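As a plain string of letters, each chain reads:
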Amino acid sequence: GQNIDQPTEMTATEGAIVQINCTYQTSGFNGLFWYQQHAGEAPTFLSYNVLDGLEEKGRFSSFLSRSKGYSYLLLKELQMKDSASYLCAVRISSNTGKLIFGQGTTLQVKP
Amino acid sequence: KAGVTQTPRYLIKTRGQQVTLSCSPISGHRSVSWYQQTPGQGLQFLFEYFSETQRNKGNFPGRFSGRQFSNSRSEMNVSTLELGDSALYLCASSEQGAGEKLFFGSGTQLSVL
């Protein structure tokens, strides 16, 4: 089967740094995605990793280790608007829009 | 470009009824995927359509079906609704469905009473 694990909830302080971890055990691997979803809204794309290493995009960075089945999303200089659910998803084969999602991590940013 | 549009935004149905949800992808996108989102199960893949053909299917019963039209618009249908079908149904589109990111619509919130 396919298994993707993320912490259910996290809390952090405005201006701080938070790291959201994701571990996966899947039958195949063709890339890992991070999406952000605010309550009642559509998930929006944050990052995509297919090779090992760190991808940086502004305040957001994502890391992948394929050998360890591990990724993390790093959010710097947290803002109140970063309070949302963060979804880790794996594409297990190419040429498909099928993603396997984790349950999501609800991040609450406090003043 | 307009984003992914899903209609209706909210639906209330009773057990045993059927429902049809609609999704208009971003212009030029040929791949449309459908997902079910519930608090307990998270996002689960239903099926994907590409060029009017179902390319992938998730582990849902046959009551869940879909189709795609020549203009890439897609519909999904759920027959004989059950209470457990209450969920947010999300549609996502991509140009080719070949590794690029998905763009999600805001979803249809279905409540089955």
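Heads up: the structure comes first, above all this text.
One structure accompanies this document, and this report is about it. Per chain, the residues get numbers from 1 upward, laid out in the order the sequence is written. Each chain is given a letter, starting from A, and each ligand a number, starting from 1, according to the order in which they appear as written. This being a predicted model, a pLDDT of at least 70 is required before a residue's local features are given, and a value of 80 or more before pairs of side-chain atoms are given or counted; all residues contribute to the totals for chains, interfaces and linings. Processing note: side-chain calculations cover all non-hydrogen atoms of the structure and skip hydrogens and water entirely.

Bringing the overall build of chain A into the picture now. Counting its regular elements, chain A contains zero helices and 11 strands. Tracing chain A from N to C terminus, the helices and strands come up as β-β-β-β-β-β-β-β-β-β-β. Taking 111 residues into account, the globule formula puts the C-alpha radius of gyration at 13 Å, and chain A, at 13 Å, falls close to it. The C-alpha extent of chain A, read off along each of the three principal axes, is 40 × 30 × 20 Å. When accessible area is computed with a 1.4 Å probe and restricted to protein chains, residues below 20% of their type maximum are described as buried, those above 50% as exposed, and intermediate ones as partly exposed. Residues counted as buried form 49% of the 111 residues belonging to chain A. Two residues form a contact once any of their heavy atoms are found within 4.5 Å. Taking contacts inside chain A between residues at least 6 apart in sequence as the whole, the part at least 24 apart equals 55%. Reported accessibility uses the Shrake-Rupley method at a 1.4 Å probe radius. Residues are deemed covered only where the shown protein chains occlude them. Accessible surface, chain A: about 5300 Å² in total, of which carbon and sulfur atoms supply 48%. A run of H or I in DSSP counts as a helix once it spans at least four residues, and a run of E counts as a strand once it spans at least two, with each numbered from the N terminus. The globule rule used here is 2.2 Å times the number of residues to the 0.38 power, and the radius of gyration it is set against is calculated over C-alpha atoms.

Further remarks concern the side chain of Thr108(B). Residue position: Thr108(B) is located in strand E11 (residues 108–112). Beyond its immediate sequence surroundings of up to four residues, Thr108(B) is in contact with Gln6(B), Thr7(B), Pro8(B), Arg9(B), Leu11(B), Leu21(B), Ala87(B), Leu88(B) and Tyr89(B).

The subject of this paragraph is the sheet that holds strand E7 (residues 60–65) of chain A. All names here are of chain A. One open sheet holds the five strands; their spatial order is E1-E3-E8-E7-E6, and the pairing between them is antiparallel. Looking at the sheet topology across the chains shown, the edges are occupied by strand E1 (3–5) and strand E6 (53–57). When strand polarity is set aside, the average angle formed by the axes of neighbouring strands in this sheet is 15 degrees. Here E1 runs beside strand E3 (residues 18–25); their pairing, made up of three bridges, is antiparallel. What sits directly across from Ile-4, in E3, is Tyr-24. By definition, two strands form a pair when at least two bridges between them are found by DSSP. Think of each axis as a best-fit line through the C-alpha atoms, taken over the contacting stretch in the case of a helix, with angles from 0 to 180 degrees between the N-to-C directions.

On to the packing of aromatic side chains, then. All names here are of chain A. Only the six-membered ring of Trp is used, alongside the rings of Phe and Tyr, when aromatic pairs are assigned; centres must lie within 6.5 Å, and planes under 30 degrees apart are stacked while those over 60 apart are edge-to-face, with the rest tilted. Throughout the structure, instances matching the rule amount to 16 aromatic pairs over all chains. Ring centres of Phe-33 and Phe-45 lie 6.3 Å apart, and the angle between their planes is 70 degrees; this geometry places the pair in the edge-to-face category. With Phe-33 in strand E4 (residues 32–37) and Phe-45 in strand E5 (residues 44–49), this pair connects stretches of sequence that are 12 residues apart. Exposure remark for Phe-33: the relative accessible area of 0% places this residue in the buried category.

We count a salt bridge whenever a side-chain nitrogen from Lys or Arg sits within 4 Å of a carboxyl oxygen from Asp or Glu. For the structure on display, the rule yields eight salt bridges over all chains. Ionic pairing is found between Lys76(A) and Glu56(A), a salt bridge with its closest N-O pair at 3.6 Å. Remark: Glu56(A) occurs in strand E6 and Lys76(A) occurs in the loop between strand E8 (70–75) and strand E9 (84–90); sequence separation between them is 20 residues. For Lys76(A), a relative accessible area of 28% gives the class partly exposed. For Glu56(A), a relative accessible area of 56% translates into the label exposed. Close ionic contact of Arg67(B) with Glu75(B) constitutes a salt bridge, the shortest N to O distance being 3.2 Å.

Bring the parts together and some accessible area is lost; that lost area is often taken as the interface size. Facing 24 residues of chain B, the contacting portion of chain A comprises 17 residues. Buried area between chain B and chain A, summed over both chains or domains, comes out near 1600 Å², and the portion from carbon and sulfur atoms is 51%. Elements supplying a minimum of two residues to the side of chain B that touches chain A: strand E4 (31–38), strand E5 (42–50), strand E6 (53–57) and strand E9 (87–94) of chain B. Considering every element that reaches the side of chain B that touches chain A, the biggest residue donor is E5(B), with four residues. The nonpolar class holds Ala, Val, Leu, Ile, Met, Phe, Trp, Tyr, Cys and Pro. Asp, Glu, Lys and Arg form the charged class, and all remaining residues, Gly among them, are polar. Here the side of chain B that touches chain A is composed, by residue class, of eight nonpolar, 10 polar and six charged. Note on definitions: buried area is the accessible-area loss of two parts on being combined, 1.4 Å probe, summed for both.

The quantities given are spatial measurements derived from coordinates; they are silent on function.
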